[in-house]
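Each chain, written out:
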Amino acid sequence: MPFILRNLNLPFDHPAEALAVAVCARFCLPADALLALKVLKQGLDARKKPRIKAVYTVQFSVADEPDFWRSHGDDPDLDVAPEPVRNVFPTVQQEGRIVIVGMGPAGLFAALRLTEYGLSPIVVERGRPVSERLRDVQTFWGRGVLDPESNVQFGEGGAGTFSDGKLTTRVRDPNLGYVLEQLVRFGAPPEIMIQAKPHIGTDRLREVVSGIRTHLLACGADIRFRWRLTGLLTDAGRVRGVAGSDGSEESCDFLVLAPGHSARDTYRLLAESGVALERKPFAVGVRVEHPQELINRIQYAIAGHPRLPSADYRLAYNNANGRSAYSFCMCPGGVVVAGASGPGQVVTNGMSNLSRNAPYANSALVVNVREEDFPDSSPLAGIAFQEALESRAFLAGGAGYHAPAQNLLAFLGRKGATACRSTYRPGVVEAELAAVLPGFVTDTLREGLIAFERQMRGFVTAEATLVGVESRTSAPVRILRGGDLQSVSLRRLYPAGEGAGYAGGIMSAALDGIRVADAIAREIAEQS
């Protein structure tokens, strides 16, 4: 009967042996009383800087468990450890063909879960394998030559492959541990199992994605790259197959549609095919870059320490008009990247390696876009809003995929602004961002920056650069589905993940893919 202790605080630079000492001291135990001690979760508390604390949740065992529980069971931070969850997947006799469109987190984990049941899906992806995709992306960043089918948005691993690889989520799901375990199994650092804010980094995430693909192939999955969905084959209100960009058609009895939030041609195809869609609010804004050392000083009040990771932040501001400005997808020690997926677009995103050791920090600063801000009431109106914004940014950047940028002080109309310095490639052009962004975004961002300075003294500085535009924070469309996770208008079509409008990040997208896979496996089992 092991026990769990939460909220165990130690100085962040404590020696390794201090953890066991602290547990014993908490319960007045002799030094040799612990039979086992394991860290379950580890985080930092920097609210009372510079007295930064490491905060632990630990699991431990003692010799006389009943006596220990009688003596300490009223401690609010102490619990009996639950029995470990063991996933058991019954083998399901495959009935019919399963096609998965998209190899982002939702598609990959749907495929991975289906193989746990002994099922062998067909997985199609419009982009290239991750190693080839990396070369295409580097060509775009270096020379401004864009491949519309293989870029930051499209290709093996999805958009998250070129990101910070954050694994935080607000979703409560029994499969959270399963997802982390699978990521570690295929190459993620084991530390993600205990970190309060786990991340993989773009460099390690590419290895993980490749490892999952190798495993899927070994399990009998059929994986096809450079295969873009161009048509749905239906009969009597039910999906019967898919057509691809290579001219081929694939029959299927179950279709998992996990297209990613930038698959605008897929959304248009669905609308033309009569699949029920609805427009969905999202957020747009800019990327802000600061020297990482500055963010470290603000957050830690310490010049630097090898035991402290590159600092991050989360900021939010709400005004009286119902508008919010907030930080999003903050990337410590990272770079701002070009994320366009089509011609005539400038789109920014943030990316960090696992080490997060680059000299600059960046984050999206975005403002919520409401449905009344869209140009019309159609389900695809949010796409039109995004496209207009990205086109203005493209022109403001000189029509060569350079991004418009402005010193933060200049954006606020203050003195002391300096030349723009940015990690964005292929480069930036100094521009007035207020001429690119919608007026309500500009106004709310300016209000928000003033509020952010109150929350983080030193945030508003001439050392900061704003780079536009951040427009792909989430899907602008939701593919409507029912409680059985199938499309409300087309049976056996299972929308999944962020692009379908049911997730917001790597973890939640993976979890949604798993839910869809479980639903398909149940339906097949019930038919057998």
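Residues numbered from 1 in each chain as written. Predicted model: local features only at pLDDT ≥ 70, side-chain atom pairs only at ≥ 80, totals over all residues. Heavy atoms only, no water.

S.K.: So, the sheet that holds strand β20 (residues 428-430): which residues are in play, and what are the values?
M.R.: As summarised here, the arrangement of the seven strands in space is β14-β15-β18-β13-β21-β19-β20, forming an open sheet in which the pairing is mixed. Each edge of the open sheet carries a strand with a single partner, namely β14 (316-318) and β20. Here the average twist between neighbouring strands, direction ignored, is 30°. Pairing analysis gives 10 bridges linking strand β13 (residues 282-291) to strand β18 (residues 360-369), with the strands arranged antiparallel. (Pairing = 2+ DSSP bridges. Helix = DSSP H or I, 4+ residues; strand = E, 2+ residues; numbered from the N terminus. Axes fitted to C-alpha atoms, helices over the stretch in contact; angles between N-to-C directions.)

S.K.: Lay out helix α12 (residues 506-527) with the relevant residues and their values.
M.R.: Look at α12: 32 Å from first C-alpha to last across 22 residues, which is about the 32 Å you get at 1.5 Å a residue. For α12, the tally of buried residues reaches 17 of 22 residues, placing the bulk of the element in the interior. (Expected span 1.5 Å × (residues − 1). Buried < 20%, exposed > 50% of the residue type's maximum accessible area, 1.4 Å probe, protein only.)

S.K.: I'd like to hear about the side chain of serine 163, residue by residue, with values.
M.R.: Counting through the fold element by element, serine 163 comes out in the loop between α4 (130-143) and α5 (176-185). Accessibility expressed as a relative area gives 9% for serine 163, which makes it buried. Discounting chain neighbours no more than four positions away, the residues touching serine 163 are Thr202, Gly350, Met351, Ser352 and Ile506. (Contact = heavy atoms within 4.5 Å.)

S.K.: Account for a nonpolar patch on the surface, naming residues and giving values.
M.R.: A cluster of nonpolar side chains, namely Met1, Trp69 and Val80, defines an oily patch on the protein surface of about 240 Å² accessible area. Inspection of the secondary structure puts methionine 1 in the segment before β1 (3-11). (Patch = residues over 30% accessible without salt bridge, like charges linked within 9 Å, V, L, I, M, F, W, Y side chains within 5 Å. Areas by Shrake-Rupley, 256 points an atom, 1.4 Å probe, with all protein chains shown as cover. Salt bridge = Lys/Arg side-chain N within 4 Å of Asp/Glu carboxyl O.)

S.K.: Describe the nonpolar core, with residues and values.
M.R.: Side chains that are nonpolar tend, in soluble globular proteins, to be buried together. Trp141, Leu365, Leu449 and Phe459 are the most contacted members of the largest nonpolar core, which totals 66 residues. Setting aside anything within four residues of it in sequence, one finds leucine 449 in contact with Leu365, Leu408, Phe411, Leu412, Phe459 and Val460. With 50 residues, the next largest nonpolar core counts Tyr117, Leu167, Leu180 and Val516 among its residues. (Core = buried A, V, L, I, M, F, W, Y, C linked by side-chain atoms within 4.5 Å.)

S.K.: I'd like to hear about the sheet that holds strand β10 (residues 249-251), residue by residue, with values.
M.R.: Taken together, three strands build an open sheet; the order of strands is β8-β9-β10 and the sheet is antiparallel. The outermost strands of the open sheet, each flanked by one partner alone, are β8 (229-235) and β10. Each strand of the sheet is rotated relative to its neighbour by a mean of 25°, with strand direction disregarded. As paired strands, β8 and strand β9 (residues 238-244) are joined by six bridges and run antiparallel to one another. The partner of leucine 233 across the bridge, within β9, is glycine 241.

S.K.: Account for helix α11 (residues 439-455), with residues named and values stated.
M.R.: The terminal C-alpha atoms of α11 lie 24 Å apart, and with 17 residues this matches the ideal 24 Å at 1.5 Å per residue to within 8%. Along α11, the residues classified as buried are Val441, Thr442, Thr444, Leu445, Gly448, Leu449, Ala451, Phe452 and Glu453.

The quantities given are spatial measurements derived from coordinates; they are silent on function.
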